[in-house]
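Now for the letters of each chain:
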Amino acid sequence: MNRMRLPKKVRLCEVSTRDGFQAEDKWIATDDKVRLIHLLQEAGISAMEVTSFVHPLAIPQLKDAEEVVERVRDLPGIALRALVPNVRGAARAVSVGIREVKCILSASDAHSLANTNCTVDEALAKIRAIAEFAIKNGIKASGSLSVAFGCPYEGRVPLAQVERLIRAYLELGILEITLADTTGMANPQQVFAYFGELKSLFPAAVFSAHFHNTRGLAQANVLAALQQGITEFDSSVAGLGGCPYAPGASGNIATEDLVYMLSETGIETGIDLEKLLKTSAEMKEVVGHDGGSFLLQAGIPRKHDRPTGQIKRK
């Protein structure tokens, strides 16, 4: 029987407590945030973008970043990273034990101006400072490219622009780079083409993907990326998330939906789907809604007897 060429194992990075929470106006108690992080770790989440060290006035929901990290940094078996907008944010993250900081760069000037009040090239100067800080302090710096496939203000982002910014990241020594479909404008053909070209041009780079399900194509886009050998994806339990500076940006691909799809496809994640789904329900209870999780609504089929996301290939 013919089979698609897919990896045997995938690593998911949970972003609900950063990307998900930043979109919420109602204050989520610090105790609840910490409890949910514990539940995610118990479900088998091995990587998490736990929070963002931004100015409290910019995103009030994350003003407790230091306390949250201090209370979860010793959890076993989980690597924590934090999004940082500048050197000051990186210093705050390091002060409480974060060992990986994530830089964020927009692929278009219009989104960059809306998000950070500076152009793409001006934002690169800030990232250069973060990269230098990371080297000096012996921590890891990774990068993200927002609206990498399409900008809500400028439309489709040319591959040449993405290539230019990937090259800029690599010149700063940032080798792990996430392409983010911030407003769900990507399609599977575009995802397949972009990752194929980028992997060919930049063999030293380690690429991952961050898909929002705004127009229902997130899982199809994951499948396209898998076929290009991408093995790390961001996702958000209960499908929470959204960019406050990108019109129409809705939630990320739900972690439970993604784990279910990968499991059914024979790809290992190391995540206990039943525990994850219970955590998703708890997340919905705390926040007051979900972001469009299919599995949270439909549940796991009774015939489903592989809750760990690990299926042996024949």
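Relevant structure appears above.
A brief look at the structure comes next.

About the thresholds
- Residues numbered from 1 in each chain as written.
- Predicted model: local features only at pLDDT ≥ 70, side-chain atom pairs only at ≥ 80, totals over all residues.
- Heavy atoms only, no water.
- Axes fitted to C-alpha atoms, helices over the stretch in contact; angles between N-to-C directions.
- Helix = DSSP H or I, 4+ residues; strand = E, 2+ residues; numbered from the N terminus.
- Parallel < 35°, antiparallel > 145°, perpendicular 65-115°, else oblique.
- Left-handed = near helix turned anticlockwise from the far one by under 90°.
- Contact = heavy atoms within 4.5 Å.
- Buried < 20%, exposed > 50% of the residue type's maximum accessible area, 1.4 Å probe, protein only.
- Pairing = 2+ DSSP bridges.
- Core = buried A, V, L, I, M, F, W, Y, C linked by side-chain atoms within 4.5 Å.
- 1 Å grid on protein atoms, 1.4 Å probe; cavity = no way out; pocket = protein on both sides within 12 Å on 5 of 7 lines; lining within 4 Å.
- Points joined across faces, edges and corners; volume = space filled by probe spheres on them.
- Nonpolar A, V, L, I, M, F, W, Y, C, P; charged D, E, K, R; others polar.
- Right-handed = clockwise from strand over helix to strand, strands pointing away.
- Expected span 1.5 Å × (residues − 1).

Turning to the packing of helix α10 (residues 255-264) against helix α11 (residues 273-287), a few remarks are in order. The relative placement of two packed helices comes down to the angle between their axes together with the axis-to-axis distance. Contact geometry of α10 with α11 gives a least axis separation of 9 Å together with a crossing angle of 160°. On the basis of the axis angle, α10 is roughly antiparallel to α11. The way α10 lies across α11 gives a crossing that is left-handed. Residues T255, E256, V259 and Y260 of α10 form the contact with α11, whose participating residues are L273, L276, L277 and S280.

To continue, consider the pairing of strand β5 (residues 140-146). With 6 of 7 residues buried, β5 is to be regarded as a mostly interior element. As paired elements, strand β4 (residues 100-106) and β5 share 7 bridges and run parallel to each other. Its bridge partner lying in β5, V101 is registered against A141.

Here we take up the nonpolar core. Core analysis: the largest hydrophobic core is formed by 95 residues, its most contacted members being F195, F211 and F233. The element best represented in this core is helix α6 (residues 120-137), accounting for 8 residues. Ignoring anything within four residues of it in the chain, the contact list for F195 reads F149, L179, F207, S208, A209, F211, A225, Q228 and I230.

Right, let's get into empty space enclosed by the protein. A full pass over the atoms with the stated rule returns 1 cavity of 30 Å³ or more. Empty space within the largest cavity amounts to approximately 30 Å³. Lining the largest cavity are T17, K33, I37, V50, T51, L62, D64 and V68. Classifying every residue of the lining of the largest cavity gives 4 nonpolar, 2 polar and 2 charged.

Here we come to the layout of surface pockets. Taken as a whole, the largest pocket holds about 770 Å³ of empty space. What lines the largest pocket is a set of 42 residues, among which V54, L83, P85, I104 and N115 lie closest to the centre. Residue assignment for the lining of the largest pocket shows that the elements contributing at least two residues are α1 (16-20), β2 (47-52), β3 (79-83), α4 (87-95), β4, α5 (109-116), α6 and β5. Split by residue class, the lining of the largest pocket holds 18 nonpolar, 15 polar and 9 charged. For the second largest pocket, the calculated volume is near 210 Å³.

Pairing within the closed barrel is parallel, and its 8 strands lie in the order β1-β2-β3-β4-β5-β8-β9-β10. Shown here is a sheet whose adjacent strand axes are inclined to one another by a mean of 30°, direction ignored. Looking at chain direction, strand β1 (residues 11-14) and strand β10 (residues 232-235) are connected through 4 bridges and run parallel. Bridged to E14 within β10 is S235.

With phi around 60°, N117 is a residue other than glycine that occupies positive phi space. Inspection of the secondary structure assignment puts N117 in the loop between α5 and α6. The class of N117 is exposed, set by a relative accessible area of 66%. Positive phi is not limited to glycine here, since A238 has a value of about 70°. You can see A238 is positioned in the loop between β10 and α10. By relative accessible area, which is 0% here, A238 ends up buried.

In summary, the side chains of a regular strand alternate between the two faces of the sheet. Across the 7 residues of β4, 6 count as buried, placing the element largely inside the fold. Looking at chain direction, β3 and β4 are connected through 2 bridges and run parallel. In the sheet register, A82 faces β4, and the bridge partner there is V101. Taking the sense of rotation as the criterion, the β-α-β connection linking β3, α4 and β4 turns out right-handed.

We now examine helix α7 (residues 159-171). For α7, spanning 13 residues, the distance from its first C-alpha to its last is 18 Å, which sits close to the expected 18 Å at 1.5 Å a residue. Turning to α7, its buried residues number three or more, namely Q161, V162, E163, L165, I166, A168 and Y169. On its buried side, α7 packs onto β4, α6, β5, β8 (176-181), α8 (188-201) and β9 (206-211). Just downstream of α7, G173 is the residue with a positive phi angle, here 85°.

The analysis is restricted to geometry; functional conclusions fall outside its scope.
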